[in-house]
Amino acid sequence: MTASPAQSIEKPAQDAGQRRTVVEAKKLSLTFQTADSPVYALSEIDLQVEHGEFVSFIGPSGCGKTTLLRAIADLEQPTAGSIEINGVSAHQARLDRSYGYVFQAPALYPWRNIERNVTLPLEIMGMPREEREERARKYLELVDLAGFAKKFPWQLSGGMQQRASIARALCFDPEILLMDEPFGALDEIVRDHLNEQLLKLWDKTRKTVVFVTHSIPEAVFLSTKIVVMSPRPGRIIDVIETNFPRDRTLDIRETADFLEIAHRVREGLRAGHSYDD
Amino acid sequence: MTDAAAIAGPKVNIVSRVAAGRAGPVAAVSLVILALWYLGAIYMNAQMQIDRFEREETAWSAGDLVSATLSQERPLLPAPHQILVEMKKTIIDTKITSKRSLVFHSWVTLSSTLLGFAIGTVLGIFLAVGIVHVKALEKSLMPWVISSQTIPILAIAPMIVVVLGAIGLKGLIPKAIISTYLCFFPVTIGMVKGLRSPDPLQMDLMHTYNANQWQTFWLLRWPSSLPFLFTSLKVAIAISLVGAIVGELPTGAQAGLGARLLAGSYYGQTIQIWSALVTAALLAASMVALVGMIEKQLLRRMGARP
């Protein structure tokens, strides 16, 4: 009980070999009440994410993929069903700071330099200054931004800003990384590069990643499990497991396996969409 | 030829740079205003001068008339140079402890301006913090904040002075309170907007870190609101000065720019009135400029683009 909050952040290394459910949703439904009619954002979602997986939610806009991610993060409250993170409620998991969240936009605070943006969560957790700076150094190096600690956000490109926000999500060493279309606003060349970097990061840190995207190649390239979703009401229509090697490179996108999975994702998306148009 | 071009080159540069910068346009507008002012002074003071010439039965030419209209002792509209001479006399040539010194009167007004500004700023920020964080306060306070500004300050100022005078508060404090009354308003309005300016993602981020309300305020809302605060402060400091001057008018105050205005109008000393007015304007302009400089420095340290 004498441990400072800073020390308690460092959890013992998890046993990566053991299969352990990190996220478990059962019959999860979420309805937004609007002025004219209710919007069924999520309907009876059943989902399991195992420790160390890289899971992507893919679907057209309005399919509830972001809402599902936000429900996992306790940023939205489900109207029915249950969701558990590591066996506790999503609310408790948020209080425990068990995930780092990367938003669509970098959401860096413009009045803080990159280092102080990265250390923001540590400051909130009450970590002493030297330790915070040490962490910032470590994680900025991890995302290849070592020389940019003292720069302000506007002095960095969009891709670099998003990398800084990933460092910010990782620096307090959460078990789960939740990413909501983090590279959606970037051009394809930068996106490819960041996808490769993200995979390396995932391999190195052994985190569980839940990733929202609407790009099929991105989902197939990154994921160990692809969750295909469809709108009105938001639901899961297919779950595809892949088994590419952990240290894959962008070259696998030319392989038959890759194209076959991409095809299956596309078929799923089309099936979910057909009666709507 | 080449020599001439070489000499003319930088000259053209300076001219175009002046035109592109702020100094050029400002100087041009000032010159136009000055010219119109002189014309106005000649026109408005002419009739009185003609009457005087006729009373004194002196022969006069147009040139005599013009020079005479610009050097009357109590003109309807004093000429700019008359005001400058009066200002030099009362600001530089008079000891600042003298009751005739404009520096002395300015300081009297300035001290209650600054006190009222300080109280108003703190009050305005507190109100905004309350309004942003407590729903009930938004509903109950906001209408009062707004309706407070619909009452003419000229109507309420004498009442504030009388009421406070009855409980023994005289001089500095009642004037400062009138300044406060005027200047808390832009601060509250600006800060309510500023404290609400963080976008939803920035707020969500705080939520994911399980930050408490105090941390969200100090690490997000407060720094986001600072540009809004400074915009409000520039308005607030100028109307604080107005408040302090208005506060001096109904009280028969012995000192201050307002007292100076009042005394000038009792005795028909138009030059004195105008020099007090110009001094008040310069005072306001330099206070606004000072707030602007502090803003620039602070926002630069907060990583604003140069």
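The rules behind each value
- Note on numbering: residues in each chain are counted from 1, in written sequence order.
- The lettering of chains begins at A and the numbering of ligands begins at 1, in the order of writing.
- Where totals are concerned, whole chains, interfaces and linings use all residues; where local detail is concerned, this predicted model gives features only for residues with pLDDT of at least 70, and gives and counts side-chain atom pairs only at 80 or more.
- Each side-chain value is derived from all of the structure's non-hydrogen atoms; neither hydrogens nor water enter the calculation.
- Scored between 0 and 100, pLDDT is the confidence that the predictor attaches to each residue.
- What makes two residues a contact is simply this: any of their non-hydrogen atoms within 4.5 Å.
- The helix and strand labels rest on DSSP assignments: H or I over at least four residues marks a helix, E over at least two residues marks a strand, and numbering proceeds from the N terminus.
- Annotation comment: domain bounds sourced from an automatic or database domain assignment.
- In short, buried area is how much 1.4 Å probe accessible area vanishes from two parts on joining, totalled over both.
- Here a salt bridge means any side-chain nitrogen of Lys or Arg lying within 4 Å of a carboxyl oxygen belonging to Asp or Glu.
- Polar contacts, as counted here, are pairs of nitrogen or oxygen atoms within 3.5 Å of one another; within protein the pair requires one atom able to donate a hydrogen and one able to accept it, and residues that are adjacent in sequence qualify only if both atoms are side-chain atoms.
- Any residue outside Ala, Val, Leu, Ile, Met, Phe, Trp, Tyr, Cys, Pro, Asp, Glu, Lys and Arg is labelled polar, Gly included; the first ten of those are nonpolar and the last four are charged.
- Any two of the Phe, Tyr and Trp rings considered here, Trp counted by its six-membered ring, make a pair once their centres fall within 6.5 Å; the pair's planes then place it as stacked at under 30 degrees, edge-to-face at over 60, or tilted in between.
- Working definition: with a 1.4 Å probe on protein chains only, accessible area under 20% of the residue-type maximum means buried, over 50% means exposed, and in between means partly exposed.
- Two thresholds decide whether a charge sits over a ring: the Lys NZ or Arg CZ must be within 6 Å of the ring centre and within 35 degrees of the ring normal.
- Expected span of a helix: the number of residues minus one, times 1.5 Å.
- By this definition, two strands are paired if DSSP reports at least two bridges between them.
- Lines fitted to C-alpha atoms define the axes, with helix axes restricted to the stretch in contact, and inter-axis angles between N-to-C directions lie between 0 and 180 degrees.

A few points about the confidence of the model for chain A
- Averaged over every residue, the pLDDT of chain A is 86; residues scoring 70 or more account for 92%.
- For residues 1–16 of chain A, every residue scores under 50 in pLDDT, and the model assigns this stretch 18 contacts once sequence neighbours within four places are set aside.

Considerations on the environment of B:Gly243
Residue and element names in this part refer to chain B.
- When you line up the elements, Gly243 lands in helix H10 (residues 213–248).
- For the pair Gly243 and Ile178, spaced 65 residues apart in sequence, the C-alpha separation works out to 5.5 Å.
- When near neighbours in sequence (up to four residues on either side) are disregarded, Gly243 contacts Ile178, Ser179 and Leu182.

Thoughts on the domain arrangement of chain B
All names here are of chain B.
- Each assigned domain of chain B is listed with its residue range as follows: domain 1 (3–77) and domain 2 (102–301).
- If you average the C-alpha positions of domain 1 and of domain 2, the two centres end up 37 Å apart.
- Between domain 1 and domain 2 the total buried area reaches about 470 Å² when both faces are included, carbon and sulfur atoms providing 54% of it.
- Looking only at domain 1, the three residues that lose the most surface to domain 2 are Trp37, Arg74 and Pro75, adding up to 65% of its buried area.
- The tally of links from domain 1 across to domain 2 stands at zero salt bridges.
- Summed over the shared surface of domain 1 and domain 2, the number is one residue pair in polar contact (both at pLDDT 80 or more).
- Along the lines of polarity and charge, the residues of the side of domain 1 that touches domain 2 split into four nonpolar, one polar and two charged.

Thoughts on the interface of chain B and chain A
- Between chain B and chain A, the contact holds 21 residues from the first and 24 residues from the second.
- Where chain B abuts chain A, roughly 2,200 Å² becomes buried across the two surfaces, and 64% of that area is made up of carbon and sulfur atoms.
- Of all residues in chain B, the largest losses of buried area upon contact with chain A belong to B:Thr208, B:Tyr209 and B:Leu219, amounting jointly to 30% of the total for that side.
- The interface formed by chain B and chain A contains one salt bridge.
- With a shortest N-O distance of 2.8 Å, A:Arg70 and B:Asp204 are connected by a salt bridge.
- Mapped onto the side of chain B that touches chain A, the elements with two or more residues apiece are helix H9 (200–208) and H10 of chain B.
- At seven residues, H9(B) tops the list of elements feeding residues into the side of chain B that touches chain A.
- Class assignment for the residues of the side of chain B that touches chain A results in eleven nonpolar, seven polar and three charged.

Some thoughts on the packing of aromatic side chains
- The full count for this structure, using the stated rule, is 15 aromatic pairs over all chains.
- Judged by centre distance (6.1 Å) and plane angle (40 degrees), the ring pair of A:Phe244 and A:Phe258 falls under tilted. Highlighted residues: A:Phe244 in the loop between strand S10 (235–241) and helix H10 (256–273) and A:Phe258 in helix H10, separated in sequence by 14 residues.
- With a relative accessible area of 4%, A:Phe258 lands in the buried category.
- A ring pair is formed by B:Trp37 and B:Trp274, whose centres lie 5.4 Å apart and whose planes are at 55 degrees; its orientation type is tilted. Of this pair, B:Trp37 sits in helix H2 (residues 23–56) while B:Trp274 is found in helix H12 (residues 270–301), placing the two residues 237 residues apart along the sequence.
- Here a set of aromatic residues connected by ring pairs shows up, and it is made of A:Phe54, A:Phe183, A:Trp202 and A:Phe211.
- Above the face of the A:Trp202 ring, A:Arg246 is positioned so that its terminal group lies 4.0 Å from the ring centre.

Overview of H12(B)
- Across its 32 residues, H12(B) extends 47 Å between first and last C-alpha, which sits within 8% of the 46 Å expected from 1.5 Å per residue.
- B:Gly303 sits one or two residues past H12(B) and shows a positive phi near 85 degrees.

Things to note about the side chain of A:Glu50
Residues and elements named next belong to chain A.
- Summarising the element assignment, Glu50 is placed in strand S2 (residues 39–50).
- We classify Glu50 as buried; its relative accessible area is 8%.
- Within the structure, Glu50 has its side chain in polar contact with the side chain of Thr21 (distance 3.5 Å).
- Apart from residues lying up to four places away in sequence, Glu50 is in contact with Arg19, Arg20, Thr21, Val22 and Thr208.

A word on the sheet that holds strand S6 (residues 99–102) of chain A
Residue and element names in this part refer to chain A.
- Read across the open sheet, the six strands follow the order S6-S7-S8-S3-S9-S10; overall the sheet is mixed. Of all strands in the sheet, those bounded by a partner on one side alone are S6 and S10. Put simply, the sheet's adjacent strands are angled 15 degrees from each other on average, direction ignored.
- Of the strand pairs in this sheet, S6 and strand S7 (residues 176–180) are connected by four bridges, and their pairing is parallel. What sits directly across from Gly100, in S7, is Leu177.
- Helix H2 (residues 65–72) rests against strand S3 (54–58), S6, S7, strand S8 (208–213) and strand S9 (225–230) of the sheet, and its axis sits at about 150 degrees to S8.

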